Amino acid sequence: MKIGFIGLGNMGGPMAANLAKAGHDVTGFDMADVTIAGVKMAGSAAEAAKGADVVITMLPNGQILRAVAADIIPAMDKGATFVDCSTVDVDSARAVAQQAEEAGLLAVDAPVSGGTGGASGGTLTFMAGGSDAAFAKAKPLFDIMGQKAVHCGAAGAGQSAKICNNMILGVTMIATCEAFALADKLGLDRQKMFDVVSTSSGYSWTMNAYCPAPGVGPQSPADNDYKPGFAADLMLKDLRLSQQAAESADADTPMGALAQALYAQFVENEDGKGMDFSAMLPRFEKRGHSE
Ligand code: NAD
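As the structure is a prediction and not an experimental result, all values here were calculated from the model. (Residues numbered from 1 in each chain as written. Predicted model: local features only at pLDDT ≥ 70, side-chain atom pairs only at ≥ 80, totals over all residues. Heavy atoms only, no water.)

A short note on the packing of aromatic side chains
Within the structure shown, the criterion is met by five aromatic pairs. With centroids separated by 6.1 Å and ring planes inclined at 45°, the aromatic side chains of Phe135 and Phe142 adopt a geometry described as tilted. Considered together, Phe135 and Phe142 belong to a single accessibility category, that of buried residues. Geometry around Phe284 places Arg283 over its ring, the cationic atom sitting 5.2 Å from the centre. (Phe/Tyr/Trp six-rings, centres within 6.5 Å; stacked < 30°, edge-to-face > 60°. Buried < 20%, exposed > 50% of the residue type's maximum accessible area, 1.4 Å probe, protein only. Lys NZ or Arg CZ within 6 Å of the ring centre and 35° of its normal.)

Here you go:
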């Protein structure tokens, strides 16, 4: 396939490289001056999109996605497919899909989980929203860049699944960290705490697969001085998206709101910026009951 790829950062760069390595004809564009193995570089987003069967975007936020979409949708051939893999707000995902469909294109919102390791290893999970035809067109590319693609429903369903998942993740990480901090203050050995909880009803991905306590459980960013991994800043972005969606859908999400407030405090007023999102554990360790 002839593929246009716009946004070649930490995630988009290796994803585009994997498509080129699999034999696709990939033309890329990024605001920054980047070089990606096997990818031809265009002078603008519209130039990268022109004549492509599929255009993929991997951009920082919904505002940038809307601006790039306004540039590339008119440049794309009718019948081509627009796949946005960025994590953005549900409203932007739906608006861009509607514009693309009005212009005679197929559209898929397909945010990913799996981080930069998944992007370079080709093991991402895609959560997709859009028509059956649009998903079918994008699926062979998801299979190269990832190990799993779930068609979640109509336009915006991919973003909805992503932010609901990450709201659970943020809330669960905080619960796991505060429980470890309490266990410490009760004099409980961390390994014993892990041995019990990881095989009891408190088990979770944050405890069992990404344990925030160094030296306990499988290797995780806690064992590397809390270098990300998944940065607290990105968790804050996703929690904000979940609260924006909750407001727009009139949903009651008190735990998500509290998780957003705690990550905002951690990233903006404490030392959480640039740390892994599991660094909430040393944060709780330093605090007392009434703080
Ligand atoms: P990044 O900042 O490394 O990459 C974004 C790229 O977009 C940059 O290279 C930037 O120059 C480019 N860009 C910005 N505006 C542009 C424009 N107008 N035209 C062309 N290029 C433009 O970010 P990333 O880590 O690659 O994340 C990309 C998306 O993936 C985000 O929405 C993020 O939330 C999501 N995501 C990231 C991770 C992760 O672990 N990094 C995991 C899952 C999802």
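We are not done yet, so read on.
Examining the site of the ligand
The ligand sits among 23 residues. The nearest are Asn10, Met11, Asp30, Leu59 and Lys237. Met31 places a polar main-chain atom, nitrogen or oxygen, 3.3 Å from a nitrogen atom of the ligand. Contact distances for the ligand include 2.9 Å between an oxygen atom and a side-chain N or O atom of Lys237. Protein contact buries 81% of the 830 Å² of open area that the ligand shows by itself. Every element with two or more residues in the shell around the ligand is listed here: helix 3 (62-72), helix 5 (115-121) and helix 10 (232-249). (Near = heavy atom within 4 Å. Polar contact = N/O pair within 3.5 Å; in protein donor to acceptor, adjacent residues only side chain to side chain. Areas by Shrake-Rupley, 256 points an atom, 1.4 Å probe, with all protein chains shown as cover. Helix = DSSP H or I, 4+ residues; strand = E, 2+ residues; numbered from the N terminus.)

Topic: the pairing of strand 1 (residues 2-6)
Burial of strand 1 is extensive: four of the five residues sit out of reach of the surface. Read from strand 1 through helix 1 (residues 12-21) to strand 2 (residues 25-29), the crossover connection turns out right-handed. One ladder, built from four bridges, connects strand 1 with strand 4 (residues 54-57); its direction is parallel. Bridging across to strand 4, Gly4 finds its partner in Val55. (Right-handed = clockwise from strand over helix to strand, strands pointing away. Pairing = 2+ DSSP bridges.)

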